[in-house]
Amino acid sequence: MEDQKVIVDKLSSKSKDARRKASNGIFHGLVILFSLITITPIILIILNLVEKGYRQINLHFFTQIAPDSWDAMQAISQGKLIPGGILNGITGTFMMVGMASIIAIPLGIMIGIFLYENGNKRYANFIRDITDILQGAPSIVLGLIAYLWVVKYITHGFSALAGAVSLAIMMLPLIIRPTEETFKMIPNTIKEAGVALGVPYHKIILKVMMPTGLSGLMTGILLALSRVIGETAPLMLTALGSQYVSFDITKPASAIPLLIWNFYNDPNLVNLIWSSSLSLVAMVLALNLISKRIASKRK
Amino acid sequence: MVNPVTEIKKPVLRIQNLHVSYDKNDKGKYAVANVSADIKKDQITAIMGPSGCGKSSLLRALNRMHELYPNIVTQGKIFLNDVDISKLSNIELRRKIGMVFQSPNPFPSMSIYENVVAGYKLNGIKQKKNQRDEIVEKSLKDVALWNEVKDALHKRGNFLSGGQQQRLCIARALAFQPDVILLDEPTSALDPVATSKIEDLLIKLKKNYSIVLVTHNMAQAARISDYSMFMYLGELVEYGKTKDMFTNPSDKRTEEYLMGKFG
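For clarity, every value in this text was computed on a predicted model and none was experimentally measured. (Residues numbered from 1 in each chain as written. Chains lettered and ligands numbered in written order. Predicted model: local features only at pLDDT ≥ 70, side-chain atom pairs only at ≥ 80, totals over all residues. Heavy atoms only, no water.)

Asker: Looking at this structure, I do not really get the domain arrangement of chain A. What am I missing?
Answerer: One frequently used descriptor of interface size is the decrease in accessible area upon assembly of the parts. Residues and elements named next belong to chain A. In terms of domains, chain A is made up of domain 1 (2–56) and domain 2 (87–297). Computed from C-alpha coordinates alone, the two centres of domain 1 and domain 2 are separated by 38 Å. With six residues of domain 1 at the contact, the number on the domain 2 side is seven residues. Considering only the surface of domain 1 that becomes buried against domain 2, L49, K52 and Q56 emerge as the three largest contributors, covering 68% of it. Along the contact surface separating domain 1 from domain 2 lie zero salt bridges. Summed over the shared surface of domain 1 and domain 2, the result is zero residue pairs in polar contact (both at pLDDT 80 or more). For the side of domain 1 that touches domain 2, a count of residues per class yields three nonpolar, two polar and one charged. (Domains from an automatic or database assignment. Contact = heavy atoms within 4.5 Å. Buried area = accessible area lost by both parts, 1.4 Å probe. Salt bridge = Lys/Arg side-chain N within 4 Å of Asp/Glu carboxyl O. Polar contact = N/O pair within 3.5 Å; in protein donor to acceptor, adjacent residues only side chain to side chain. Nonpolar A, V, L, I, M, F, W, Y, C, P; charged D, E, K, R; others polar.)

Asker: What am I meant to see in helix α2 (residues 55–62) of chain B here?
Answerer: Side chains three or four residues apart in an α-helix point the same way, a direct result of the helix having 3.6 residues per turn. Residue and element names in this part refer to chain B. Across the eight residues of α2, seven count as buried, placing the element largely inside the fold. Residues of α2 that are buried include every one of K55, S57, L58, L59, R60, A61 and L62, and no others. Positioned one or two residues after α2, R64 has a phi angle of 55°, which is positive. (Buried < 20%, exposed > 50% of the residue type's maximum accessible area, 1.4 Å probe, protein only. Helix = DSSP H or I, 4+ residues; strand = E, 2+ residues; numbered from the N terminus.)

Asker: I'm lost on the sheet that holds strand β1 (residues 13–21) of chain B in this one. Help?
Answerer: Backbone-to-backbone hydrogen bonds join strands into a sheet, with any given pair of strands oriented parallel or antiparallel. All names here are of chain B. Judged by pairing direction, the sheet is antiparallel, and its four strands sit side by side in the order β2-β1-β4-β5 without closing on themselves. Bordering the open sheet on either side are β2 (32–39) and β5 (83–84), each of which pairs with just one other strand. Alignment of β1 against β2, held across five bridges, turns out to be antiparallel. The residue of β2 that forms the bridge with L18 is V35. Sheet strands touched by α2: β1, β2 and β4 (73–80). Its angle to β1, the strand with the most contacts, is close to 120°. (Pairing = 2+ DSSP bridges. Axes fitted to C-alpha atoms, helices over the stretch in contact; angles between N-to-C directions.)

Asker: Looking at this model, I keep getting lost on the sheet that holds strand β10 (residues 235–241) of chain B. Mind explaining?
Answerer: All names here are of chain B. Across the sheet, six strands lie side by side as β6-β7-β8-β3-β9-β10; this open sheet has mixed pairing. Of all the strands in the sheet, just β6 (97–100) and β10 have a single pairing partner and so form its edges. Here the average twist between neighbouring strands, direction ignored, is 15°. In terms of strand pairing, β6 meets strand β7 (residues 180–184) through four bridges, oriented parallel. When the bridges of β7 are listed, M99 appears paired with L182. Strands β6 and β7 of the sheet are contacted by helix α8 (residues 162–174), whose axis makes an angle of about 170° with β6.

Asker: Would you take a moment to explain the interface of chain B and chain A for this structure?
Answerer: Contact residues are listed per partner, giving 25 residues for chain B and 18 residues for chain A. The interface formed by chain B and chain A includes one salt bridge. The partner of R60(B) in a salt bridge is E192(A), and the shortest N-O contact between them spans 3.0 Å. Where chain B meets chain A, there are seven residue pairs in polar contact (both at pLDDT 80 or more).

Asker: Looking at this structure, how should I read unusual backbone geometry?
Answerer: Keep in mind that most residues, glycine aside, have a negative phi and that most peptide bonds are trans. Non-glycine residue H156(A) carries a positive phi angle of around 50°. The residue H156(A) is located in the loop between α7 (139–153) and α8 (160–185) in this model. Since its relative accessible area comes to 64%, H156(A) is described here as exposed. For R64(B), which is not a glycine, the phi torsion comes out positive at approximately 55°. Position of R64(B) relative to the elements: it lies in the loop between α2 and β4.

Asker: I would appreciate a short explanation of the pairing of β1(B) in the present structure.
Answerer: Here is the key point about a regular strand: its side chains alternate between the two faces of the sheet. Bridging between β1(B) and β4(B) involves seven bridges; their strand directions are antiparallel. Paired with Q16(B) across the two strands is K77(B), which belongs to β4(B).

Asker: Would you mind showing me how to read the nonpolar core here?
Answerer: Considering soluble globular proteins, one finds that nonpolar side chains tend to be buried as a cluster. Core analysis: the largest hydrophobic core is formed by 140 residues, its most contacted members being L13(B), L58(B), F107(B), L140(B), I170(B) and L202(B). By residue number, the principal contributor to this core is α8(A), which donates 14 residues. Those residues in contact with L58(B) that sit more than four places away from it in its chain are I15(B), L18(B), V32(B), V35(B), I47(B), M229(B) and M231(B). By size, the runner-up hydrophobic cluster in this structure holds eight residues, among which are M48(B), V237(B), Y257(B) and L258(B). (Core = buried A, V, L, I, M, F, W, Y, C linked by side-chain atoms within 4.5 Å.)

This is the structure:
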């Protein structure tokens, strides 16, 4: 008892109190400092893109295809804006990401449900590990695989389909895990309520579990989309790029990141990389914000 | 006080030599061991017992809820109005035997209206709109929830209190006009006021429905049940009129449980 009393006295003494306040203040300051250090690059990136790219952004930029080098050179020598835009990139990106979604979303959700239902069975654990490995696989390797499967044997040439397949493989793990986690968070009693009404299993999944976890599923899907929308490496090996707007999935197609790479390699077009990057970042940011909004809704 | 008419009525459920085991491989270990009993029609039957005595397992065997979990093995026979329940399809069986769970579990993605008719909707049973409106109104009136939610039928039920949600779940079970309603500790997650509302409701409902109620609250069993079962270690120790059991238990274990010596 005596000892305890001494300790209490020491703790409440004034010097201790002041020191505690000071260390609290230092820690508080450090937290703010580090968070500033973290967000500074992000803000600088966006500011840089806006500063260098805003001049090129106008309606033409989104409605015309990429200019050729000669036209751009002439425009530059006359001191005009570079003509043309990134329409072929936008359509290509939408087409390939769209096809990738058609492949990856149903498949990913089904695998996620399988993992949820089979919890700790050995086979489910195996699939889970494979999914994690796939998530860590370098994207260029996935591009190579899509090249091997699709470019070589199915379309016999670079194609939008091959690009979509490589993106779909990237999307799969990003959809599978959130689906499983979302379903795990739904209380088991909700499922039992369905069973107690005599509802068949597939309808419980489709009409009870999926609507209940919809926001979680959407978050996973949107994050997967925002992740693959800016992928460049796998598309170089599969979709190759195209100068025209093309909706033929067996032909090469362009994409915004591919265009950025092309612009970068052409001294006459290099100024377009900023406005293209700005559009791409805006799209990814929008997807991220939407998925955040949906995710916060579920609470 | 006992109505002579109910005495002659046939039992709604007959349980014969029911065994429930949670482990396929361990044949000797039963959660419910050799239970036989007749559940009386239009009465409230309470199943009591200490935790782990098998009362929930018995209840869940009555509507074959165990089929959800492949590890659980059920042996023995259960007859609903002389029909073997293992011969009925899931939807037939569960239209006739509704269930309400421990914690309120309305479907979060559905409105109050959709929740009440969820059984019809999810099973693809087609109905006209006015027919459906009728079912919703009647079910919600039966559980005394209609006046509280009639202006918010098409909103989601998450603004409802726990007791209201539980009554919504009872309404969902009533929508099928079942013969039997199984309740698995329906008030253990509720406050006393909500609990007494549900108890009043159950007493009202027994005019038209046979009710089987699992409870670990002896006072609740004494208040509202007509018949009581006492289970211990998977065994049905005693089954009889609630009044008789509480005043003059015939088994020593029942007496000790009711005296609060264990459980």
